[in-house]
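The residues making up each chain are set out below.
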Amino acid sequence: MTTSIAKNLLNIKQYLPTEVTLVAVSKTKPLADLQDSYDAGQRVFGENKVQELREKEPAMPKDVQWHMIGHMQSNKVKYIAAYIDLIHGVESIKLLKEINKQAAKNNRVIKVLLQFYIANETTKFGLQLDEAKEILSSAEFKDFQNVQVAGVMGMASNTEDKEQVLKEFQSLKSIFNTLKTNHFPSEDYFKEISMGMSGDYKIAIEAGSTMIRVGSSIFGKRNYV
Ligand SMILES: *Cc1c(COP(=O)(O)O)cnc(C)c1O
């Protein structure tokens, strides 16, 4: 049986260049919906709350890759450190330090993305380029053996103005290029640009996204968050 979730996934997949990763944002959605998308071949899921991850992770097959896409508090890293594949929203050395510590305890390396402020809205989070350079140049950062900065992440303004959204995504691409040249020239793992959601992923791909985070276009509207 083809569910509407499977159809939605197929529609998006058909549009995506093969090198772009689709993160299915399943926050607030029931396990049955995650299982439907798993059965349709989806393996990468994004959640934005630690509590929800802790409930869903044990209930899904082990080959699911879990991404934390929400704002992360340092004191909660320990609850997801054993399995989390990628943490998208990192914007402080304090959080990097805690991720490094918890990853070491679990004998693994955790990949993260630095989140940048690219929108025109004060409600959005993120670093400025200078702050990121300062973190990446610090002696403390260079000592972290168990955390790997795999790229950048950002959210565009919530606006109908496509030119504005394109400009913001292009600014993230340019931040990525700068960091790549100055801090990760020969580190192949620094390669991800996580940008694009249901409303703007086509624009994000045009601007060079390597990873889109799509929720409502797969699972339907959410009642909250
Ligand atoms: C909820 C969320 C998404 C997905 O949003 P949709 O508009 O439903 O696709 C993507 N990124 C982040 C950080 C989110 O919190």
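Conventions used here
- Residues numbered from 1 in each chain as written.
- Predicted model: local features only at pLDDT ≥ 70, side-chain atom pairs only at ≥ 80, totals over all residues.
- Heavy atoms only, no water.
- Helix = DSSP H or I, 4+ residues; strand = E, 2+ residues; numbered from the N terminus.
- Rg over C-alpha atoms; globule rule 2.2 N^0.38 Å.
- Buried < 20%, exposed > 50% of the residue type's maximum accessible area, 1.4 Å probe, protein only.
- Contact = heavy atoms within 4.5 Å.
- Areas by Shrake-Rupley, 256 points an atom, 1.4 Å probe, with all protein chains shown as cover.
- Arc of directions from axis to C-beta.
- Near = heavy atom within 4 Å.
- Polar contact = N/O pair within 3.5 Å; in protein donor to acceptor, adjacent residues only side chain to side chain.
- Nonpolar A, V, L, I, M, F, W, Y, C, P; charged D, E, K, R; others polar.
- Salt bridge = Lys/Arg side-chain N within 4 Å of Asp/Glu carboxyl O.
- Expected span 1.5 Å × (residues − 1).
- Phe/Tyr/Trp six-rings, centres within 6.5 Å; stacked < 30°, edge-to-face > 60°.

S.K.: I'd like a rundown of the overall build of the protein chain, residues and numbers included.
M.R.: Across its full length, the protein chain holds 9 helices and 8 strands. Over its C-alpha atoms the protein chain spans a radius of gyration of 17 Å, differing by no more than 12% from the 17 Å that the globule rule assigns to 225 residues. Sorting the 225 residues of the protein chain into buried and exposed places 52% on the buried side. Restricting the contact set of the protein chain to residue pairs at least 6 apart, pairs at least 24 apart contribute 59%. Here the protein chain has roughly 11,100 Å² of accessible surface; of this, 47% comes from carbon and sulfur atoms.

S.K.: So what's going on with helix 2 (residues 31-39)? Residues and values would help.
M.R.: Taken residue by residue, helix 2 has Asp33, Leu34, Ser37 and Tyr38 as its buried positions. Projected onto a plane normal to the axis of helix 2, the buried residues spread over an arc of 140° and lie on a single side. Turned more than 90 degrees from where helix 2 packs its buried face, Ala32 and Asp39 sit exposed. Those residues of helix 2 that are buried lie in contact with helix 1 (4-15), strand 2 (44-47), helix 3 (50-56), strand 3 (65-68) and helix 9 (216-219). Backbone geometry just downstream of helix 2 places Gly41 in the positive-phi region, at approximately 105°.

S.K.: Describe in detail the site of the ligand, supporting the description with residues and values.
M.R.: The environment of the ligand is formed by Val25, Lys27, Ile69, Met153, Met155, Met197, Ser198, Arg213, Val214, Gly215, Ser216 and Arg222. Ser198 is positioned with one of its side-chain polar atoms (N or O) 2.5 Å from an oxygen atom of the ligand. Interatomic distance of 2.8 Å between a side-chain N/O atom of Arg222 and an oxygen atom of the ligand. For the ligand, the protein covers 89% of the area, taking 390 Å² as the surface of the free molecule. For the shell around the ligand, the per-class residue count stands at 6 nonpolar, 3 polar and 3 charged.

S.K.: Go over the pattern of salt bridges with me, naming the residues and quoting the values.
M.R.: In the structure shown here, the tally under the stated rule is 7 salt bridges. The partner of Glu57 in a salt bridge is Lys62, and the shortest N-O contact between them spans 3.2 Å. Residue class for Glu57 comes out buried when judged on its relative accessible area of 15%. Given the relative accessible area of 63%, Lys62 is considered exposed. Asp85 is the partner of Lys111 in a salt bridge, and the nearest nitrogen-oxygen pair spans 3.8 Å. One end of the pair, Lys111, is in strand 5 (residues 110-116); the other, Asp85, is in the loop between strand 3 and strand 4 (86-90), and 26 residues separate them in sequence. For Lys111, a relative accessible area of 32% corresponds to the partly exposed category. Through salt bridges that share partners, Glu47, Glu52 and Lys56 make up one connected network.

S.K.: Account for helix 4 (residues 93-105), naming residues and giving values.
M.R.: The terminal C-alpha atoms of helix 4, which comprises 13 residues, lie 18 Å apart, in line with the 18 Å expected from a rise of 1.5 Å per residue. Considering only its buried residues, helix 4 is in contact with strand 4, strand 5, helix 5 (129-137), helix 6 (139-142) and strand 6 (147-154). Of the residues flanking the end of helix 4, it is Asn107, one or two places downstream, whose phi is positive at about 60°.

S.K.: Could you give an account of unusual backbone geometry, with specific residues and numbers?
M.R.: Positioned with a positive phi, Thr28 is a non-glycine residue whose angle comes to about 70°. Along the chain, the position of Thr28 falls in the loop between strand 1 (21-25) and helix 2. Unlike most non-glycine residues, Asn107 shows phi in positive territory, near 60°. Along the chain, Asn107 turns up in the loop between helix 4 and strand 5.

S.K.: Can you lay out the packing of aromatic side chains for me, pointing to particular residues and giving the numbers?
M.R.: Enumeration according to the criterion identifies 6 aromatic pairs in this entry. Ring centres of Tyr15 and Tyr201 lie 6.1 Å apart, and the angle between their planes is 80°; on these two criteria the pair is classed as edge-to-face. You can see Tyr15 sitting in helix 1 and its partner Tyr201 sitting in helix 8 (residues 201-206), a full 186 residues away along the chain. When the centroid spacing of 5.9 Å and the interplanar angle of 40° are considered together, the rings of Phe45 and Trp66 count as tilted. Taken together, the residues Phe45 in strand 2 and Trp66 in strand 3 connect sequence positions 21 residues apart.

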